[in-house]
Amino acid sequence: MSSKKPGGSELQQTAGTGINASGSAQQNPGESASSGGTAGRNASQKHIEKIVLQYLKSKGYKDAEKALREDAMLDAAETTLSDLANAFPTSEVGSDASVPNWILFYNEAEQGNPDAYNQSYKELRRWIDSSLDVYKSELYAASYPIFVHSYMDLLHRGLFEKAAEFMELYSKDHDVFHSKDIGVLAALKTKEHVEENELAKLYRENKYCIRMTRVGFELLLSFLQDHHYTLLMRTVNQHLNIRTIDGTMPISSEAEADVGITGHTQNQLDSFNSQEVLLGSTPLDSFVRDEVERTLQSEAGRRVKDSISNEANGLLDAFSKVKHEASTNGLPLREAIPMPPPRGIEIEQQIASLKAIRKRISLGPAALPSVCMYTLHNTENTLNCVTVSEDLSLLAGGFSESYIKIWSLKHEPLRGFNSNIYPGSVNSLDDADKLREKTTDDCRKLIGHSGPVFGLDISFDTKYLISASEDKTARLWSLDTFTNVVCYKGHNYPIWDVSFAPQGFYFATASHDRTARLWSCDHIYALRIFAGHLSDVNCVRFHPNSKYVVTGSCDKTVRLWDVQRGSCVRVFTGHTGSVDTVAISPDGRIMASAGEDQTVNVWDLGSGRRMDTLKGHTGSIYSLAFSQEGTLLISGSADETVRAWNVKRSASASDHPIIVSRRLEKQSIQQQQEQDRAGTHEDEANNENGTVGREKQKDKVSTETHPDAMDVDSAEGKDTAEKNGSKSSKSESPSEGKKRDAAGIWKSKRTEESEALLEIWRTKSTPVYNVTMTKRNLGIAIGAFSL
C-alpha cells in the first residue's frame, strides 16, 4: 500500500500542471534512444538511474535507495529531481515532453501493442461497472475524455482500423451526454483529420475538467497503477484537470457548469432528448367502441325509468367526448401496441370509467382531495410493498417471509375454486359459485416465492396479481382461484418492482441486475430488455398509452424507454439520491419522480426538461400519484405524511385566493416563530443573569447553615446540566430530530417548503408506502404502523 500512495500523489500533483501532450502522446522514447548510439544509451540509462534514485530518496525508501545505489554504482552527490530532469538530453524524449512523465508512462509492452488501448479501456469499463454505486457516475464521467483521447491517439498513430473498432465498441457508453461530439469524432478517419478538425484540436489543446470525490479519484488512480495501464495514466495526466472534493458529489458531475472544456458545451442531453415521442392516448378498439356505444344507446332507449334513461344519455355525451379526444390526441393505429382480442370485461370497464368521469370531482387549489388512509398493524417490520386494486375491492401486501397476503376491503369472503372441478358441470355463474371453497375468511395467503416479495401489482380487471421477489422470479397469480399460474424467469438478480400495463396483458419488471424487462402474460421469457442504467433499477411504470416504460434507478436518473424498439428515448437527470418512485399523469404529458433526496421533480416528457422541484418532505418518498386531470400530485413518504402539490401552476393559479391566503399564513407563522425564538433567547439571557446572582446569594446562605450543601447543589447542578445537554444534542441530531405530540403524531423538523405545497395530512406513526388516486379523484394511502 505504501508504494501506491506516493505514486498516486505524484500523479495527482502532475495532473494540474498543464503538460503539453501534442507530441508526447505519440513519441516512442525507445526510437530516439536507439539513434544516439551506444554511448548515448549508456548516458541516458545512467541519468535515468540517478532520477529514480533521487525519487526513492525523496520518498524515504531507504532500503530501495541503498540497493539501487549499490547495484548501479552511483555516487552520493546531492542534487534535486528537477535538476536531474532539466539535465536530461531533450533528444531522448523530444522538446515538448517532460522527463518525469516520460519515465512514469513509458511501457514498452503497451507502446508496441496495437490492442493496448482496447484492452485497457475494456478493463476500465468492466471495473467501473462493478464499482460501488456512490462512485459509479463520477467514474463514468471521467471515462469519457479517456475514451476520446484514446480514439484520437489510435488515429494519430495510423491505426485506423483499430480506431474505428474502438469507436464502434464504446461510443454507445457516452451517446446520451455527448452525442454531438461523438458524431463529429466518429467522422475522423485519418491523422490529418485529427490535426485539422476544430473539435479534435479543442480536445487536444485544452484540459478536460472533471469533478470527483477524493475517494473516487484515489480509486481510479489505484486501479490504473495496479494494472499498469500506462497509456490511460498518461491520458489522465496530460489531458484531464481533476478537481477533488470531500464527501459525496452534490449533483451529477455531468450537469456541473465547470465540467468539461471551458467555452464548449459538454452536457448535450437536450440533443438526445429531442427524439420524437408519441404521447397521445391509446386508440379505442373498434369492436369495444361499437359495443359500448350500442349498449349505451339501448339503455338510453328504455323508458322504464327516466333516471336510467337520463344517466345513459349523459354517458353517451361523455363517450362522444372521449371518442373526440381519442381521434385528435390519440396515437395512430399503426403505432399502437398489439393487444389480444377484446373481451367482454373491456366493455364493462369502459362503461365504468364513463360513470366515474361523470361523478368525478375536479381538483385544484380550492378543491383538495379527500384521502382515505389504510393502516396495517402487527406487520413487525416485515411488510415490503403494498398495492390496491383499481375498484378498491382488494388490498395486497408483500412480506419478507416470502408470502403475499390479500385482504378484501369489502369484508367479503375470499373464496377460491376447489381443486377437483369438472368444467363440463359449469353452465352458469350459479354453478361456478357452488364450486367455490366454503370459507368465511376475508384474507388469503399466497405462497410460492422462495425469497422476500418486493413488488406487487393488480391488473385493471382485478383478475390477476403479479409479484416480484428476491428469488429472481416474477409470478402471476389468479385472483379467482388464488393460485400461482405462471413463474417468469430471466433476471439474474433480485427483482425490486413490477407493474402491469394499463390495459393488462403486458407487465414490466425492475431488477438489481441494472435492467428492466418487458413481459407478456402468455410468454415465459422477456420480450424486451431495457439496459442502460448504471445501477439498480428501483421502480418501473407504464405510460398510459403502453408505448413507453419509465424507470427510476440508484444512479439518480430516470429513463423513458420505447417498448417497440427497446431503446432509451429520454434521460432525466437532477436527483441527488436514488430514485425510488415515478408516476405519469393520465394525459401522458407530465412525469414526476422522487426518492431518497426527499424532493419531487416534475418533468415534461415531450421536451425532457424539468418543470419544477417540490420540496417539503423530511424523509424518503415512497410513492406518487396524479389526479385524473393531472393538475394535482400527492406523495407518500417515510416522514409519515401525505402531501398534495399543485403541479400545473400558472400566474392565475398563483394569485388564487386560497394560494395567497396560505402564503400569507405561512409568512405570518415564520415571523411569529422568529419573534418567539428572539424572545426566548432574550429571556434565557435575562434569566441566566438573574439566576446567577440569586444562586450565589442562596449558596452563601446554604453554606453557612449546611457546610456540605455546596457540594450537593453542585453535584445536582452538574447532573441536571448533563441531562439537559444530552437532551439538547439528541433533539438537534438529524436522525432523531423529531418527537411525538400528545396525539401520537410525529413532528418532524421544519424544512424548506415549495409554494406548490397545498396540504399536509399527517399519520399516527405510520410511514406511507403507497398512494393512489381513484377514477373519481379519491386519494388512497397505505402504510404500516410502527412503534
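Note that this is a predicted model, so its numbers are computed, not measured. (Residues numbered from 1 in each chain as written. Predicted model: local features only at pLDDT ≥ 70, side-chain atom pairs only at ≥ 80, totals over all residues. Heavy atoms only, no water.)

Student: What am I meant to see in the overall build of the protein chain here?
Tutor: Of regular secondary structure, the protein chain possesses 23 helices and 31 strands. Residues classed as buried in the protein chain amount to 44% of the 787 residues present. Residue pairs in contact within the protein chain that sit at least 24 positions apart in sequence constitute 60% of those at least 6 positions apart. Surface summary for the protein chain: the accessible area is close to 39400 Å², and the carbon and sulfur share equals 50%. (Helix = DSSP H or I, 4+ residues; strand = E, 2+ residues; numbered from the N terminus. Buried < 20%, exposed > 50% of the residue type's maximum accessible area, 1.4 Å probe, protein only. Contact = heavy atoms within 4.5 Å. Areas by Shrake-Rupley, 256 points an atom, 1.4 Å probe, with all protein chains shown as cover.)

Student: What is the right way to look at the pairing of strand S21 (residues 590–595) in this model?
Tutor: With 6 of its 6 residues buried, S21 lies for the most part within the structure. Side chains Ile590, Ala592 and Ala594 of S21 all project onto a buried face; the interleaved residues Met591, Ser593 and Gly595 project onto the opposite face, where all are buried too. Inspection of the sheet shows strand S20 (residues 579–584) paired to S21 by 5 bridges, in the antiparallel sense. Bridged to Ile584 within S21 is Met591. Where S20 folds back onto S21 in an antiparallel hairpin, the turn is made up of 5 residues, including Gly588, whose phi is positive at roughly 75°. Note that S21 and strand S22 (residues 599–604) share 5 bridges and pair antiparallel. Bridge pairing in S22 links Ala592 to Val602. Linking S21 back to S22 in an antiparallel pair, the connection comprises 3 residues, with Gln598 at a positive phi of about 65°. (Pairing = 2+ DSSP bridges.)

Student: Sorry if this is basic, but what is going on with the nonpolar core here?
Tutor: Soluble globular proteins: nonpolar side chains tend toward being buried together. With 46 residues, the main nonpolar core has Phe147 and Tyr151 as its most contacted residues. In this view, Tyr151 contacts Ala163, Ala164, Phe166, Met167, Leu185, Ala186 and Leu188; residues no more than four positions away in its chain are not counted. (Core = buried A, V, L, I, M, F, W, Y, C linked by side-chain atoms within 4.5 Å.)

Student: Help me understand unusual backbone geometry, please; the structure alone is not making it clear to me.
Tutor: Peptide bonds are, in most cases, trans, and in most cases residues other than glycine have a negative phi. Phi at Phe505 is positive, roughly 70°, even though this residue is not glycine. Secondary-structure assignment places Phe505 in the loop between strand S12 (495–500) and strand S13 (506–511). Here the phi dihedral of Gln598 falls at roughly 65°; this positive angle occurs in a residue that is not glycine. Relative to the elements of secondary structure, Gln598 occurs in the loop between S21 and S22.

Student: I keep staring at the side chain of Ser637 and nothing clicks. Help me out?
Tutor: Looking at where Ser637 falls in the secondary structure, it is placed in strand S25 (residues 632–637). Polar side-chain contacts of Ser637 include one of 3.1 Å to the backbone nitrogen of Asp639. When sequence neighbours within four positions are dropped, the list of residues in contact with Ser637 reads His617, Gly619, Ser620, Ile621, Tyr622, Pro767 and Val768. (Polar contact = N/O pair within 3.5 Å; in protein donor to acceptor, adjacent residues only side chain to side chain.)

Student: I'm lost on the pattern of salt bridges in this one. Help?
Tutor: Oppositely charged side chains can form a pair if their charged atoms are brought close together. Throughout the structure, instances matching the rule amount to 13 salt bridges. Between Lys162 and Asp115 there is a salt bridge, with its nearest N and O atoms 2.6 Å apart. Linking Lys162 in helix H10 (residues 160–170) with Asp115 in the loop between helix H7 (108–111) and helix H8 (116–129), this pair joins segments that are 47 residues apart in sequence. A salt bridge links Glu198 to Lys201, with the shortest nitrogen-to-oxygen separation between them at 3.5 Å. Of the two residues, Glu198 and Lys201 are both situated in helix H13 (residues 198–205); the distance of 3 residues between them amounts to about one turn of the helix. (Salt bridge = Lys/Arg side-chain N within 4 Å of Asp/Glu carboxyl O.)

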